[in-house]
Amino acid sequence: MHGAERPVVVLDFGAQYSKLIARRVREARAFSLIVPYSISPDELKALDPAGVILSGGPASVLAPDAPMPDPAIFDLGIPILGICYGCQLLAHQLGGRVEPCGKREYGVAHLEHRDSRGFFQGVAEFTQVWMSHGDAVAALPEEFETIGSTENCPHAAIAAPARRFYGVQFHPEVVHTPQGDRILSNFVHTVCGCAGDWTMGSFLEAATEEIRQKVGEGRVLLGLSGGVDSSVAAVLIHRAIGDRLTCVFVNNGLLRKGEPERVQQVFRDNFQINLRYVDAEDRFLERLAGISDPEAKRKAIGNLFIEIFDEEAQSVGEIDFLAQGTLYPDVVESVSATGGPSVTIKSHHNVGGLPEKMNLALLEPLRELFKDEVRALGAELGLPEDIVWRHPFPGPGLGVRCVGAVTKERLDTLREADAIYIEEIRRAGLYREIWQALVCLLPVRSVGVQGDERTYEEVCSLRAVTSEDAMTADWYRFSPDVLQRVASRICNEVKGINRVLYDVTSKPPGTIEWE
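Presented here is a report on the structure given in the accompanying data block. Values in this document were obtained by computation on a predicted structure and should not be read as measured data. (Residues numbered from 1 in each chain as written. Predicted model: local features only at pLDDT ≥ 70, side-chain atom pairs only at ≥ 80, totals over all residues. Heavy atoms only, no water.)

**Some details on the overall build of the protein**
Short version of the rule: Strands are runs of DSSP state E lasting at least 2 residues, helices are runs of H or I lasting at least 4, and numbering of each runs from the N terminus. Each radius of gyration is computed over the set of C-alpha atoms, and the globule rule expresses the reference value as 2.2 Å times the number of residues to the power 0.38. Note on classification: 1.4 Å probe, protein chains only; a residue is buried when its accessible area is under 20% of the maximum for its type, exposed when over 50%, partly exposed between these limits. We call two residues contacting when some pair of their heavy atoms lies within 4.5 Å. Note on areas: these come from Shrake-Rupley sampling with a 1.4 Å probe, and a residue is covered only by the protein chains present in the view. The sign given to each residue is positive for Lys and Arg and negative for Asp and Glu; His and the chain ends receive no count. Note on charges: their place is set at NZ of Lys, CZ of Arg, CG of Asp or CD of Glu.
In terms of helices and strands, the protein carries 15 helices and 18 strands. Since a compact globule built from 515 residues should have a radius of gyration of about 24 Å, the 26 Å found for the protein is in line with a globular shape. Expressed as lengths along the three principal axes of its C-alpha atoms, the size of the protein is roughly 80 × 60 × 40 Å. Looking at the protein as a whole, 56% of its 515 residues are labelled buried. The long-range share in the protein, meaning contacts at least 24 apart out of those at least 6 apart in sequence, stands at 75%. Accessible surface, the protein: about 22200 Å² in total, of which carbon and sulfur atoms supply 48%. For the protein, the separation between the mean place of its 52 positive charges and that of its 72 negative charges on side chains is 3 Å.

Structure, rendered in structure tokens:
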């Protein structure tokens, strides 16, 4: 579905940077795929790659259980770039020698290279690079030459140009190697011969055609949450098959202020998508009555969503496909570096468990894209900016931000506080700087003075974090003026709250959401 040239395939050896390598290749406007290092030569050949990148990894090639690819991949005539562990592996498997360093090299180093016409074209002859290794190449295989060295690493860059094999001991994919993007671009374009025509426009056309081919005359059902992934999937599929797509939007009463109205306006009115709106607020509140435990809440919300979605699916009539907004990180994370089995549907997905129960084929048109690429596709499709750039929102919605008991009154209070917080963040021009911003209503009361009266009301906590992938996160450093405006407005405008806190916990040890 990538709609462009042959891919550059990243063989993953358990590196923390494998996804970043793939991202950098795509930034060079070439399509990339990540596969386990254990892929067979025939499977690799079937992908018809323009080039292969051997990732870094935590192991040593000298260890008896070191991850090793089938050496036959070196005989396929495909350009290869080894990065860090991948560079050592290239030397080790092709007859060179790798030895432990005197001491582990970690951090900034300075590379002096001798290949200004090809692999290092356009790269300063003396440039900063980022190292992270305990072993290094000590002797080169036949046909290889050294094309770059650092103060502590004599063979920091090696090459066998006739075979189009290259290896670098440093990490070109990280920002600490300032010209790393140029180095990777040289490999992608100069060595692999990629034309650089992978764009969102080319993806859009290819994806639209593939959806038409796959669905045929069938019908598709999609659970629309209003988040960026399901929204982009909905508009893309509708572009391909029109009214044979039915979207189901369930208002569970746990949404942000104005969200049900906004979703209907955008998708039904603007895009003319066949949208079934289900007002299930009362059913969810009834199911959540008396439940305070976070996991019990999640389970109750998830199970009821499945029940309602199933009811709607049955009433729609004959359906052939269930569409999901699965993204590439979901796909990659479901396959271990050691080649473990792929999980087709993530268990935490809103409609997890439905495909088997309903016997529907899956349609996942975004499964080759990273999050920022989905946003770019959304913009290409004409989705409003507030949906394209919407912060992540949990499946259980405000149910897990209403800490403790969930009631209509507490949800309405939380909705008002949340609306003020997001409005002030947007007004300050900070929304895109922040990965996720949220308000939690806490099951704590405090004494306050509002007007001339003593109050005894609930407390809310503000949270805002920066992150790249939500695996780790740091709290956002607001200016005091912004926090003061938010706190003042909430205490003055929201009945039921008289104290506002700001959460400065990073992840780890905390999670982004409170529950």
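**Structural notes on the packing of helix α5 (residues 200–215) against helix α6 (residues 228–241)**
When two helices pack together, their arrangement is captured by the angle between the axes and the distance separating the axes. What counts is decided by this rule: Every axis in this analysis is a line fitted to C-alpha atoms, fitted for helices over the stretch in contact. Angles between the N-to-C directions lie between 0 and 180 degrees. Each crossing gets its hand from how the near helix is turned against the far one by less than a right angle, where anticlockwise is left-handed and clockwise is right-handed. Residues are sorted three ways: Asp, Glu, Lys and Arg are charged, Ala, Val, Leu, Ile, Met, Phe, Trp, Tyr, Cys and Pro are nonpolar, and all the rest, Gly among them, are polar.
Look at α5 against α6: their axes get within 8 Å of each other, and the N-to-C directions meet at 65 degrees. For the pair α5 and α6, the crossing hand works out as right-handed. Contact residues: Leu204, Glu205, Ala207, Thr208, Ile211, Arg212 and Val215 in α5; Leu236, Ile237, Arg239, Ala240 and Ile241 in α6. Of the residues belonging to the contact of α5 with α6, the class tally is eight nonpolar, one polar and three charged.

**Some points on the packing of aromatic side chains**
The cut-off we apply is this: The pairing test for Phe, Tyr and Trp rings, Trp by its six-membered ring, is centres within 6.5 Å, and the orientation test on the planes gives stacked under 30 degrees, edge-to-face over 60, and tilted for anything in between. Whether a charge lies above a ring is judged from NZ of Lys or CZ of Arg, which has to be within 6 Å of the ring centre and within 35 degrees of the ring normal.
Applying the stated criterion across every chain, the model contains 14 aromatic pairs. Ring centres 6.2 Å apart and planes at 70 degrees place the aromatic pair Trp475 and Tyr502 in the edge-to-face group. Of the two residues, Trp475 is situated in strand β17 (residues 474–475) and Tyr502 in strand β18 (residues 497–502); the sequence distance between them amounts to 27 residues. Through a chain of ring-to-ring contacts, the aromatic side chains of Tyr421, Trp475, Tyr476, Phe478 and Tyr502 assemble into a single cluster. Taking the ring centre of Phe370 as reference, the NZ or CZ of Arg23 above it sits at 5.2 Å.

**What to know about helix α1 (residues 18–27)**
By the criterion of burial, α1 is predominantly enclosed, with seven of the ten residues buried. Ser18, Ile21, Ala22, Arg23, Arg24, Val25 and Arg26 are the residues of α1 that are buried. Two residues or fewer past α1, Arg29 is found with a positive phi of approximately 65 degrees.

**A look at the side chain of Ser18**
This is how the line gets drawn: Contacts described as polar in this section are N or O atom pairs within 3.5 Å, which, within protein, must combine one atom able to donate a hydrogen with one able to accept it, while residues neighboring in sequence count only if both atoms come from side chains.
Note that Ser18 resides in helix α1. On the basis of relative accessible area, Ser18 is assigned to the buried category, the value being 4%. Here the side chain of Ser18 touches Asp12 through a polar contact of 2.7 Å, side chain to side chain. Excluding its chain neighbours within four sequence positions, the residues that come into contact with Ser18 are Val10, Asp12, Ile34 and Ser55.

**Quick look at the nonpolar core**
Convention followed: Nine residue types can take part in a nonpolar core, namely buried Ala, Val, Leu, Ile, Met, Phe, Trp, Tyr and Cys, and a core is a set of them joined through side-chain atoms within 4.5 Å.
Core analysis: the biggest nonpolar cluster contains 129 residues, and Ile53, Phe267 and Leu377 have the highest contact counts within it. Aside from chain neighbours lying at most four places away, what touches Leu377 is Met200, Phe203, Leu204, Val232, Leu236, Leu366 and Leu369. One finds Ile39, Ile78, Cys87 and Leu89 within the second-largest nonpolar core, a separate group that totals 26 residues.

**What to know about the pairing of strand β9 (residues 165–168)**
Side-chain direction in a regular strand flips from residue to residue, so the side chains alternate between the two faces of the sheet. The following threshold applies: Strand pairing is assigned whenever DSSP detects at least two bridges linking the two strands.
Burial along β9 is two-sided: the face carrying Phe165 and Gly167 and the face carrying Tyr166 and Val168 are both buried. Judged from the four bridges that link them, strand β4 (residues 80–83) and β9 form a sheet pairing that is parallel. Looking at β9, one finds that Ile83 is bridged to Val168. Here strand β8 (residues 157–160) runs beside β9; their pairing, made up of four bridges, is antiparallel. In the sheet register, Ile158 faces β9, and the bridge partner there is Gly167. Joining the antiparallel neighbours β8 and β9 is a turn of four residues, in which Arg164 adopts a positive phi near 60 degrees.

**Things to note about the packing of helix α14 (residues 408–427) against helix α15 (residues 480–493)**
Under the convention used in this document: Any angle from 65 to 115 degrees is called roughly perpendicular, while one under 35 is roughly parallel, one over 145 is roughly antiparallel, and all others are oblique.
The contact between α14 and α15 brings their axes to 10 Å, and the two run at 150 degrees. The orientation of α14 with respect to α15, classified from their angle, is roughly antiparallel. Of the two possible hands of crossing, α14 and α15 adopt the one that is right-handed. The residues of α15 that touch α14, namely those facing Ala417, Ile420, Tyr421, Glu423, Glu424 and Arg427, are Arg485, Val486, Arg489, Ile490 and Glu493. In the contact of α14 with α15, the residues fall into five nonpolar, no polar and six charged.

**What to know about the sheet that holds strand β6 (residues 126–139)**
Spatial ordering of the open sheet is given by β2-β1-β3-β4-β9-β8-β7-β5-β6, a layout of nine strands whose pairing is mixed. Edge positions in the sheet fall to β2 (32–36) and β6, since each of these pairs with one other strand and no more. Averaged over all pairs of adjacent strands, the angle between their axes in this sheet comes to 25 degrees, without regard to strand direction. Where helix α4 (residues 180–191) meets the sheet, it contacts β1 (8–12), β3 (51–54), β4 and β9, and its direction lies at approximately 165 degrees from that of β4.

**Section: the sheet that holds strand β12 (residues 274–279)**
Read from one edge of the open sheet, five strands run β12-β11-β10-β13-β14, paired in parallel fashion. Two strands close off the open sheet at either side, each with one partner strand: β12 and β14 (361–363). Adjacent strand axes in the sheet meet at a mean angle of 25 degrees, parallel and antiparallel pairs treated alike. In this structure, strand β10 (residues 220–223) lies alongside strand β11 (residues 245–251), joined through four bridges in parallel fashion. Among the inter-strand pairings, Leu222 is bridged to a residue of β11, identified as Cys247.

**Description of unusual backbone geometry**
The amide bond that connects Lys507 to the next residue, Pro508, takes the cis arrangement and shows omega of -10 degrees. Considering the arrangement of structural elements, one finds Pro508 in the segment after β18. Residues Pro508 and Pro509 are joined by a peptide bond in cis, for which omega reads 10 degrees. Residue placement: Pro509 occurs in the segment after β18. Phi at Glu143 takes a positive value of approximately 80 degrees, unusual for a residue other than glycine. Checked against the element boundaries, Glu143 lands in the loop between β6 and β7 (145–149). What makes Glu143 exposed here is its relative accessible area of 53%. The backbone of Gln272 shows a phi angle near 55 degrees, a positive value even though the residue is not glycine.

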